[in-house]
Amino acid sequence: LEPKEEFEHSSLAVDVMRPRRGDPALAVLTQDSMTIGEVETLVESTHYSGFPVVVSQESQRLVGFVLRRDLLISIDNARKRQDGIVSASLVVFTEHCPAQPPEAPPPLRLRGIIDLSPFTVTDHTPMDITVDIFRKLGLRQCLVTHNGRLLGIITKKDILKHMAQIANRDPDSILFN
Ligand code: ADP
């Protein structure tokens, strides 16, 4: 494989991903330790189209990705139609429910709406490769990891903004033409 000229221009996934330094932390859901109330508060306090699901806040191990729309529709439906579902119900994305005290309300099982294989790149993946993958796979977003820990997210719009910046800085860049 010939080294291409375009590689000289390339920034890395870590340069394009959000959150940036100083931004609020990545908004994530945990796989089996948040209540419906906590999920709703998180979702409603942001406008993001989707949320990574992790094993736990401490581990930040990626489990999957869930769309905001699917999450809100499922919670709404469950509240209307499923007996016993209340704000204190646990939201469970895993196959098996964690043990709960007998008096706990029934959990809301949402494994059906989670994408268990969201596309990921590592923080050091060059952006030209990431852009190529976005184009070829028609991605809307991809997650960024480091040593298996979730670090951030890159959306299609983040990439378009990044491309516009590069074009301004370097109009001769062949990278994104
Ligand atoms: P878009 O980039 O198309 O507007 P979003 O509304 O999902 O899509 O994202 C808006 C911005 O917030 C983007 O810069 C994206 O990288 C970032 N973002 C998306 N999801 C999250 C999340 N769960 N936590 C933190 N930032 C996010």
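The structure under discussion appears in the preceding block.
All of the points below concern the structure found in this document. Quick caveat: nothing in here was measured; it's all calculated off a predicted structure.

So, about the site of the ligand. If you check the shell around the ligand, you find 13 residues, and the closest are Arg18, Ala27, Ser49, Thr155 and Asp158. Serine 49 places a main-chain nitrogen or oxygen 2.9 Å from an oxygen atom of the ligand. Between a nitrogen atom of the ligand and a main-chain N or O atom of glycine 50, the distance comes to 3.3 Å. The fraction of the free accessible surface of the ligand (530 Å²) that becomes covered by protein chains is 83%. Of all the secondary structure elements, the ones that give two or more residues to the shell around the ligand are strand E3 (50–54), strand E9 (149–155) and helix H5 (156–169). With three residues, the single largest contributor to the shell around the ligand is E3. Tallied by class, residues from the shell around the ligand come to six nonpolar, four polar and three charged.

Quick look at the pattern of salt bridges now. In total, this model carries four salt bridges according to the counting rule given. The salt bridge involving aspartate 158 is made with arginine 18; its shortest N-O contact spans 3.7 Å. Here arginine 18 lies in the loop between helix H1 (13–16) and strand E1 (29–30) and aspartate 158 lies in helix H5, a separation of 140 residues in the sequence. Its salt-bridge partner being aspartate 132, residue lysine 136 comes within 2.9 Å of it at the nearest N-O pair. Of this pair, lysine 136 and aspartate 132 both sit in helix H4 (residues 127–137), separated by four residues, roughly a single helical turn.

Right, let's get into the environment of glycine 37. Within the fold, glycine 37 resides in helix H2 (residues 36–44). Judged by relative accessible area, which is 19%, glycine 37 ranks as buried. Along the primary structure glycine 37 and leucine 160 are separated by 123 residues, whereas in three dimensions their C-alpha atoms are 35 Å apart.

Conventions adopted
Residues numbered from 1 in each chain as written. Predicted model: local features only at pLDDT ≥ 70, side-chain atom pairs only at ≥ 80, totals over all residues. Heavy atoms only, no water. Near = heavy atom within 4 Å. Polar contact = N/O pair within 3.5 Å; in protein donor to acceptor, adjacent residues only side chain to side chain. Areas by Shrake-Rupley, 256 points an atom, 1.4 Å probe, with all protein chains shown as cover. Helix = DSSP H or I, 4+ residues; strand = E, 2+ residues; numbered from the N terminus. Nonpolar A, V, L, I, M, F, W, Y, C, P; charged D, E, K, R; others polar. Salt bridge = Lys/Arg side-chain N within 4 Å of Asp/Glu carboxyl O. Buried < 20%, exposed > 50% of the residue type's maximum accessible area, 1.4 Å probe, protein only.

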